[in-house]
Structures are given as structure tokens and as C-alpha cells.
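The primary structure of each chain is shown beneath.
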Amino acid sequence: MGSRSTRPGGADRTNPRPGATERDGRSWGPSSAIPELGPMTVMGQSCLLHNRRGSVRVLHRDENMEPSTSMEIDTRISMGNLSQRRDSSLTTPIQRALRSLSVPLERLHIMKGHMVEDMCRGLCRQTHAQAKVRMLPTYICSTPNGTEQGNFLVVELCQSQIRTVLVTLYGDGNMSPNMVYKIYDLPEGITQGKGEALFDFIAQCVSQFLAETIRSDPSKSVERLPLGFVFPFTCRQTQLDKAELLSWSKGFSCNDVIGKDVVELLQSAINKQEVGTNGTGSANGTAATGKSWLSSWRRKSSEFTPGQLCHVDVVAVMNDTVGTMMTCSTEGRPCEVAMVADKGSNCCFMAEAYLVETADETSGRMCVNTEWGCFGDDGTLNDIITPYDECVDVESSNPGEKRFEKMVGSLYLGEIVRHALIGLTAEKAIFTGTDIGVLRQKGVFTMQHILDIVNNEEGTTEVKRILDVLGLQSSERDCSRVQQICRAVVGRAATFHATGLAAILSYMCQTRDMETLMVNVGMDGELYKGYPRFQEILLSVSRLLSPECMATLLPSRDGSGRGAAMVTAVALRLAALRREVNEVLAPLRLSRADLEKVQALMREEMDRGLGKETNAIASVRMLPTYVSHTPDGTERGDFLALDLGGTNFRVLVVHVTEEGITMASEIYVIPVAIMQGTGEALFDHIIDCIIDFQMKQNLVTDMLPLGFTFSFPCKQLGLDKALLLTWTKGFSASGCVGQDVVQLLREAARRKQHLGMQVVALVNDTVGTMMACGYDDPKCEIGLIVGTGTNACYMEEMKNVGTVEGDQGRMCINMEWGAFGDNGCLDHIFTHFDQVVDQSTINPGKQRFEKLISGMYLGEIVRQILMVMTEKQLLFQGKLSSKLQTKNIFQTKFLSTIEVKGLALRQIQAILNELEIEASFEDSVLLREVCQTVSLRAAQLCAAGLAAVVEKMRENRGLDQLSVTVGVDGTLYKLHPCFSTNLQNTLKDLAPNCNVSFMLSEDGSGKGAALVAAVASREANAME
């Protein structure tokens, strides 16, 4: 554990102040003595006022205020726990002893920092094994909401007893639960005997308790009774009802239990029991036999009928700290932290679930059991461990372990005082000439002695009485110094509890991305209840260490009973909720078989679209683009690109050199009058803009090849020939539909006598995306768009393209796969929500695949699900806001925000606030699940379509393994945090013989169009 002071009453201190001198083997600071009582001592910007009770008041000065206007903060803590004393004149043994039990404020800050660091280690999967603060997941992901109702059984394993409780909740906010309980003493020796005997005894206690309870109140009879098991030992929990014992403590050492699931052991013991109709099952430590320990009770009437007994299911296991938090959540106030200051010490809190890497849960929050008793076992507390702590540790059953708990747990405080008194006697500071043999008996000075002493505010009469009972002859001075030591020991324990709490509160505030945190803290334990000033110290010190956090302490009322029942009740409520949620979302959750069927259907439709005879009936049109080659890196020159797809259009010049590609562009506006005027006026305006751009770029005299991205429905007859089928997006220029748009552009250039361009190719954005990426990666032979809409293209063998003459080489096929399923082949995966969304669009029954995948529709699908869940009382307390009933109000960008890993739930609530929805913590978690379900399905369906493409390419080329790159563009793919990963993982699963890489496109509609022109020019030059 490192070096420690061996001088009684003092421990080594690090970083002595300049000018310190060495006395009694330790460093001391400036020589301004601190009297035991009375005067004020100024330390920097704080000062400590010592009063006759040995406590202090901390005064803070604002640097901008006069000393006379200093503001007093009413914080009173145990003597010296926040002082920064380094006083060489403290030479008396009692002063050194008190000093050794005090910790300066700056050291408490360091201690808090170490605890936060160890908490982070405990939560991380890679470092969990090395952490001393264990941070064990409890799998409790919600606190009570007040709707819980029913009968719940609790069994608690205590130090020397078994406590059984039957709790009835009425769904009234849990304000008035009915509780019936009974306590059974543990037989002598059972805590060190066989584990099977212990659990059999627990089961027999439950058996007898239920038989007696039901007989006295038949209304408690139910068919199945859920049980919550309070097991106050360190366990590795992997489910709410599965916990493997890691170690015994508190005097227990039953064999054959460590490493086993304690829930399974208890359930097995329960199942062995059999209770007769007269309830003769006895709790005497012997195992009963039988097929089942209880037969079923059935609710028939209020009259108890012999033989109507219930079956008990152990549904949750927890420790007393978790029970305390849940109890304090039943008063209509949410409680997210709990502390037990008892024989042992522990704390739990609701952590962001994604940070709990040792559990699989990633959404919402999860209660984490810190098990902070082992904090400091790695030596981080060595400099504040006193010789008295060392003695207590050596005499314990686990030396070197649980160092923090041994300084704060009530089981050990009496021992710390005992060793301090022994040390002071050895230095002749107390009990001079008195036989102190009684103090050498372990356990003789108890926690109750300490509480009786420190809680007696006037004089030393109580101290004298206790010392007399112990057989110690004492003077007034002895009594006063014993009192001081007791106050210092218990004050230090309270201060260390406050430091641990401050670490947790600061961690919660930071991980929730909050500037300030206001939280309720459930409290229980002997030290908290027995020491009236514990609460005062806890609040004042934690506020000094974590000023950004405000804690309100809530006293627990039967945390182990009522709280355990709440854990069980919440578990059952969430299980029922989960069943209903799964029922709603089940149609959107696709199996591998579902995806394989979609892949096969896509392949069938592709073949139909490529066939000359079947193209007309195919839902996937498979349009030839007349792009026969992808870039090979030899392209050189300057190329123009025209990108027309809306009210704004772009003109670009792309310079392709050996060093790479550079671009310049400008955006031009198309006035509405021109959009809706004549075709001649529209194309004249476009040419005017091209001329303007070329003049600005000094390119007027050059004849440059131009690639034209025209994002309107066309029938393409050649690389530079395409007939406009219809206008969209607000355009209605006359004289264009049915005409070759490339020819319309050329005619406008002739009218304007502009000879500085040559239109060589017309492409859509999907082909442009493939070409843009193909310049950097020659293996890019697929283009994919997943944004507002969706589409794909790929290089197909010409021999398979029945709609175009020729069978040599390859041609890029524009799949137009958004219409996949328009013929009804995808009806089996179309849910009620999809049908509602489809019917509300401007083209019902059309583009059905696109309506399952693209960003234009996902938000609306989520909105439809939310409305159904609200109607079913699964969300928002069944209250449907008027805004949520507004079409398209839930935007797809919300999905991208909500699904960001680590997004604080309050940020999700902020989104819902925009929709005028009051959302609970559970609502936010469920909303995230709905978004994840919808976006995952979209990515999976996209992957199934892509799997059909790559498998066809592999088969076309007769390869065992295909390596190909997909050029991809679109806001959904680029901005959604999970879409790309889900797509790629699903594709890998569906097409294992294809090694597919993805490359993000940069400006497919601009750069890509220019590169189509560049490749066309390259091929034309090669032919010449």
C-alpha cells in the first residue's frame, strides 16, 4: 500500500509548504497555532470559525468585496475537515491526532477527481477489471411513475435476519402502499455453512410468511406473485434477475455460492418447497422437499380456500442502495441517486446507458451500483490513511481491501476511535495511570457509543458515563479529548461521504451536458439516521466541491422493503410495456429471410427491366444511360458542367490535370416567369448564364465539352439524346415535353451564336456520383443516392441489356429503383404506417421502395407510429398534441439527431418540446427506439437492393469473389449517424462473396457530369 507514517496521531503529508520544518517525522507549515476552541483562523479566501463544540463555520470572501462585506455561507462541518492548516506549533498528541483525522479542502478536490477517474474506469469495458470503484450495472433502467399496482413480495437477507415483506400498490402515485412484514432470525452458524442451507432457509421463511399472510387476508391471493430479492453483497449482474456473487462480506462466508447466480439459487430453493393448506412449512434451517414449494392460488372470491396457494417468481435482485433510490422515487418526486451510510457504505445513481460499456443496453439510463467501498485499494488514499486506519485494516478479515469503507462505515468507526485512544494513551495524553486493558478488546467501543457521545451537545457527562461502563477511569480532560476524537472520526466519515457524492453529482452533470444539476438523493443507514449533523455536512461539503450541483436529500422509508417492491413493480410494468411496444414495431422489424426475399425480388425485377419484351411491365425500369466507360485516370482538359434540377442551377468548369481535379462554379437563379414561360426563353436564359460564366472564367474562346445533369424524367435514347417526359418541381415551360432537351440547349446556343461549348452527355445525379468517385477509384462501378429520394446505377454487361442494340462491353444502367414494388411485389413488407404515408403523398401507389427508404418519408413514418403508440397509452401519457397530428411535422433530420450516440435525453425532450409534447424520460427512450427501428429498416432494405446488384455483377463476370466500390451521395447516408454502418453490415451479410467498399461522392451532379463529358471525349479521341 506504499509508505505510511508510523507515528501515532499523524500520517505523511505530501507537498509541504515552503519554509516548513521537520518535527516528529513529518512536515509542518507556518507557525500560527490553531487553538482547540474559539478564535478565527484566516486561510486565503476562506476562514474557519471554531466554536466550543469543535465544529466550524466556513466564510467565503469575494475578491471584489471589502472584507467587511464578506458573505457568510452557512456551512458547518466537522473540525478541520476543510482547513488548510500547516502549523508547526501543534505539538501535543491530541492536536496531532485531530490533525491526522482532518483533510484539507484541496485534498478533498483531489480525492473527488480520483473517484471520478475510477468511476470512468469502472464503466469502461477495457479497464473495468482494474477499477476499484466497480460501477456494476443493475439493469434497472427506469424509476417508478406512479401507475404501478398489484401485490409484490420482497425478501431481504440482513446481517442476522431474514425479512419478508408483502407490498400492495394501488396505482395512486404510490403514495399509500400497504405493507405486511415479518422477520425471522438466522440460525446460528448458517452464515458460515453451506450455501444450499442458507437459501433453503430463506425459501422456508417465504413459504411460512405467505401461508400466514394469505390466511389472515385472503384478498392477497394471486395466481403468481413476483418477488424482489435484496441481496446486500457484491455481485456481477448481467440481467435484472441474474446476479453472480463476487464476494461475501459482513461476516458471511457460505460455501459453494461465490461465482453462482443467487437468483437461480433462491428460485431453486423456492421451487423445492411445498406448503400445506395449514401453512406448516417451518423456518428452521432444514430443507423441505416436494415438486413445487407452492401450488397455484387462484383469485375466486374474498374468502381464502385451503389449497389455493400462489407460485412465486424471482424477477429482480438488488442491493439495499438501489432499494433506497426506488423507495425515494415513490413520493411523487423522481430520485436518481441513493446513498447508504451504514455498517458498510455505498452509492448508486442513474447513469447514461451508453456509458455503461459492461452492459449491452445503450439507450436511456441505467442505475449503476458504484460499490465504492474499495475506492483507495490502489493506494490513492495512502496519504490520508492514519495509523488508526492501518490498525483497523490489519485486524479486519480482508486486509488491504475496502479501504474507503473502513474509514466511513459505522462497522469500523468504533474501532478507529478505539485505536486512536490506545495511541493517545501510549503518548500519555489520556488515561494517565489508568488500566486500559479493556480497549485492547476488538469491538468494545461501538458505533452507538460514538453516537451517544457526539450527539450530546452539553458537557461530557455522557462521555463519562460510557467510559465508566467500559471500566475506564477518566478525568474531565480525558472525557473532553475522547469527545473530540469521536467528533473528528464521525465528521471525517461524513466529509468523505460528501466527497464521494460530489464526484457522482459532477459526473452526472457533465455526462448529461448540463450547466447545473438539480437532483434528489435518497438517504438511508445508521450513520445518516443516527448522526443529526450528517445531512448538514453532506450538503455543505458536496456543494463546496461541486458548486454546479444542487442535491436535495430524501430520507428513505424502508428502502429494502418498499424500494425492492418498487424495483419489482417497475420491472413488471416495463415488461408489459415492452410486449405492447414489440407488437406495434414487429411489422417493421425484418428478419434475414425477409431481406433475402427482397433481394430475390429485386433481382427478378432487374431482369425484367433489362429484357426487351418485359421492360414495360417491370417496376425497376433499368434505363440505359449510354455511359459505357468509367474514368481511368488518363482524362485531361477543361470541361463544363450544367446542373439543372430546381429554381437555382449551377454552371461549373472542371480542370482535369495530372495533379488532380480543380473546379470553379457559380449559381444562377431561374425566375418563375421563365420557369413557367416558353421553352425557348428558358433555354436562352440558361445559355446567357453559361456565356456569363465563361466570360468570368476567361473561357469564351474555348470550345469546351459539356456534361448536362438534367434532373427531370426523361427517356434517354443516347448519351447526348433524351426526351423530356414531364416537368416537375414547379417547371412548366411550354414546347419542351416530348422534345430532346440536349437539342433544345444546342438550338439556344445557336440562337445566341455561342460556340464555346459542345454538349456531349446528359446524365442524372446517380450516374454522376458513380463517375465522380470513379475518377479516384477505378473500381467504382456503382452509384447510390440515399437522400430525399433514392436511386442506384451500375455497370451492366451489354449482352444483358435487351433494350439497346449491341452486346460488346458494358453500359451504366440507371435502375430508377425507387419504383421497385409498384407492381405489388413488396406488399408483404408494407405496414399499416407505410400505407397511411403512401396514401397521403401526391403519387399514391408510386415510388413505393423509395417511400420505405428515403429521407422524404422516414420522419412521417415515425410520426404515424408515435400517434398509434400515444393512442395505445404507450407514449406521452396518452396525450396527443395537435402539432404531432400535423403532416410532415416530424422531420427526418430529427431521426439523425435523436439517434446520435450519447445524445443527452434532455436534448431529445427539447425536440419534443418543439412539437408541444411533454415527454418523460421513458418517452424519450422509446422515441429513440422508434427512430432506430425505422432507420434500420430503411438501411436494411437499401442493402437488400444493393446485394441484388453486386451479386448480379459477380455472376455476370463469373467470379467467385467480386471487389467493387460504390460511390454514394445523399443527406440520409451522409448525415444519419447509423445508416451507413447498418447498410454496410447488412450488405456484408446478404452478399458474403462480394467485397464492397463505399466512397462518399463530392458533387456528383457537377463534377460527375463533367467527368462523363471527359470520358466521352477520351473515347471519341481514341476512336479517331
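Read on for a plain summary of the structure. None of the values given here were measured: they were computed from a predicted structure. Once a new chain begins, its residue numbering starts again from 1 and follows that chain's sequence as written. In view of the model being predicted, local features appear only for residues whose pLDDT reaches at least 70, and side-chain atom pairs are presented and counted only at 80 or more, with totals across whole chains, interfaces and linings using the full set of residues. Hydrogens and waters are ignored; side-chain quantities use all the structure's heavy atoms.

1. A few points about the overall build of the protein chain
In terms of helices and strands, the protein chain carries 28 helices and 32 strands. Across the 1024 residues that make up the protein chain, the buried fraction comes to 58%. For this analysis, residues touch if any pair of their heavy atoms sits within 4.5 Å. Residue pairs at least 24 apart in sequence account for 69% of intrachain contacts in the protein chain once pairs closer than 6 positions are excluded. Note on areas: Shrake-Rupley, 1.4 Å probe, and residue coverage restricted to the protein chains presented here. Element-wise, carbon and sulfur atoms account for 50% of the exposed surface of the protein chain, whose accessible area totals about 40,700 Å². Numbering of helices and strands starts at the N terminus; helices are DSSP runs of H or I of at least 4 residues and strands are runs of E of at least 2. Burial here depends on accessible area, computed with a 1.4 Å probe over protein chains only, as a share of the maximum for the residue type. Under 20% is buried, over 50% is exposed, and the range in between is partly exposed.

2. Re the environment of Ala-338
Note that Ala-338 resides in strand β15 (residues 337-341). A sequence separation of 18 residues divides Ala-338 from Asp-320, and the C-alpha atoms of the two residues are 9.6 Å apart. Excluding anything up to four places from it in sequence, Ala-338 contacts Thr-321, Thr-324, Met-325, Asn-346, Cys-347, Cys-348, Val-521 and Gly-522.

3. Quick notes on the pattern of salt bridges
Where side chains of opposite charge bring their charged atoms close, a pairing between them can arise. By convention in these notes, a salt bridge is any Lys or Arg side-chain nitrogen within 4 Å of a carboxyl oxygen on Asp or Glu. For the structure on display, the rule yields 55 salt bridges. Measuring nitrogen to oxygen at the nearest pair gives 2.9 Å for the salt bridge that ties Lys-182 to Glu-212. Of this pair, Lys-182 sits in strand β10 (residues 178-185) while Glu-212 is found in helix α3 (residues 195-216), placing the two residues 30 residues apart along the sequence. Judged by its relative accessible area of 30%, Glu-212 falls in the partly exposed class. In this structure, Arg-403 engages Asp-393 in a salt bridge whose closest nitrogen and oxygen atoms are separated by 3.5 Å. Placement of the pair is Arg-403 in the loop between α6 (387-395) and α7 (405-408) and Asp-393 in helix α6, with a sequence separation of 10 residues. Residues joined in a network through salt bridges with shared partners are Glu-336, Glu-352, Arg-365 and Arg-512.

4. Topic: the sheet that holds strand β31 (residues 962-969)
With mixed pairing, six strands are arranged side by side in an open sheet as β20-β30-β29-β28-β31-β32. Looking at the sheet topology across the chains shown, the edges are occupied by β20 (623-624) and β32 (994-1000). Helix axes are fitted to C-alpha atoms over the stretch in contact, other axes to C-alpha atoms as well, and angles between N-to-C directions run from 0 to 180 degrees. Taken strand by strand, helix α19 (residues 765-776) contacts β28 (780-786), β29 (790-797), β30 (810-814), β31 and β32, and its axis lies near 135° from that of β28. Each of β28, β29, β31 and β32 is contacted by helix α25 (residues 921-956), which is oriented at about 165° to β28, the strand it contacts most. Any two strands between which DSSP finds at least two bridges are classified as paired.

5. So, the packing of α25 against helix α27 (residues 979-990)
The interhelical angle for the contact between α25 and α27, taken along N-to-C directions, is 45°, at an axis separation of 8 Å. When the axes of α25 and α27 are compared, the pair comes out oblique. By crossing handedness, the relation of α25 to α27 is classed as right-handed. Across from Ser-935, Leu-936, Ala-938, Ala-939, Gln-940, Cys-942, Ala-943, Ala-944, Leu-946, Ala-947 and Val-950 in α25, the residues of α27 making contact are Phe-979, Asn-982, Leu-983, Thr-986, Leu-987 and Leu-990. Among the residues making up the contact of α25 with α27, the classes are represented as 13 nonpolar, four polar and no charged. If an angle is under 35 degrees, it is roughly parallel; if it is over 145, roughly antiparallel; if it lies from 65 to 115, roughly perpendicular; otherwise it is oblique. The hand of a helix crossing depends on one turn: near helix anticlockwise from the far one by less than a right angle means left-handed, and clockwise means right-handed. Basically, the charged four are Asp, Glu, Lys and Arg, the nonpolar ten are Ala, Val, Leu, Ile, Met, Phe, Trp, Tyr, Cys and Pro, and anything else, Gly included, counts as polar.

6. Some thoughts on the sheet that holds strand β11 (residues 224-230)
On the basis of which strands lie adjacent, the open sheet formed by five strands has the order β10-β9-β8-β11-β14 and mixed pairing. The open sheet has two edge strands, β10 and β14 (311-318), and neither has a second partner. Neighbour to neighbour, the strand axes of the sheet diverge by 20° on average, direction disregarded. Across nine bridges, strand β8 (residues 149-157) lies against strand β9 (residues 161-170) in antiparallel orientation. Considered in β9, the bridge of Leu-157 is made with Ile-162. The sheet contacts of α3 involve β8, β9, β10, β11 and β14, and relative to β10 the element is tilted by about 135°.

7. A word on unusual backbone geometry
Even without being a glycine, Met-135 presents a positive backbone phi close to 55°. Along the chain, Met-135 turns up in the loop between α2 (105-123) and β7 (136-137). Phi is positive for Glu-916, close to 60°, though the residue is something other than glycine. Relative to the elements of secondary structure, Glu-916 occurs in the loop between α24 (905-914) and α25.

8. A few points about the packing of aromatic side chains
Side-chain rings of Phe, Tyr and Trp (the six-membered ring for Trp) are treated as a pair once their centres are within 6.5 Å; stacked means planes under 30 degrees apart, edge-to-face means over 60, and tilted covers the remaining angles. For the coordinates displayed, the defined rule picks out 23 aromatic pairs. Put simply, the rings of Phe-199, Phe-229, Phe-231, Phe-233, Trp-248 and Phe-252 touch in pairs and so form one group of aromatic residues. Above the ring of Tyr-181, the side-chain terminus of Arg-163 is found at 5.2 Å from the ring centroid. Lys-250 extends its terminal NZ or CZ atom over the ring of Phe-233, reaching a point 5.8 Å from the ring centre. Two thresholds decide whether a charge sits over a ring: the Lys NZ or Arg CZ must be within 6 Å of the ring centre and within 35 degrees of the ring normal.

9. As for the nonpolar core
Ranked by internal contacts, the top residues of the largest apolar core, which has 94 residues, are Val-337, Phe-349, Ile-485 and Phe-534. The greatest single-element share of this core, amounting to 19 residues, is contributed by helix α11 (residues 476-511). Apart from the residues lying within four places of it in its own chain, the contact partners of Val-337 are Met-325, Cys-347, Cys-348, Phe-349, Leu-501, Ile-504, Leu-505, Met-508, Val-519, Asn-520, Val-521 and Gly-522. If you look at the next biggest cluster of nonpolar residues, it comprises 91 residues, including Leu-588, Phe-820, Val-868 and Ala-939. Residues belong to one nonpolar core when they are buried, are Ala, Val, Leu, Ile, Met, Phe, Trp, Tyr or Cys, and are joined through side-chain atoms within 4.5 Å.

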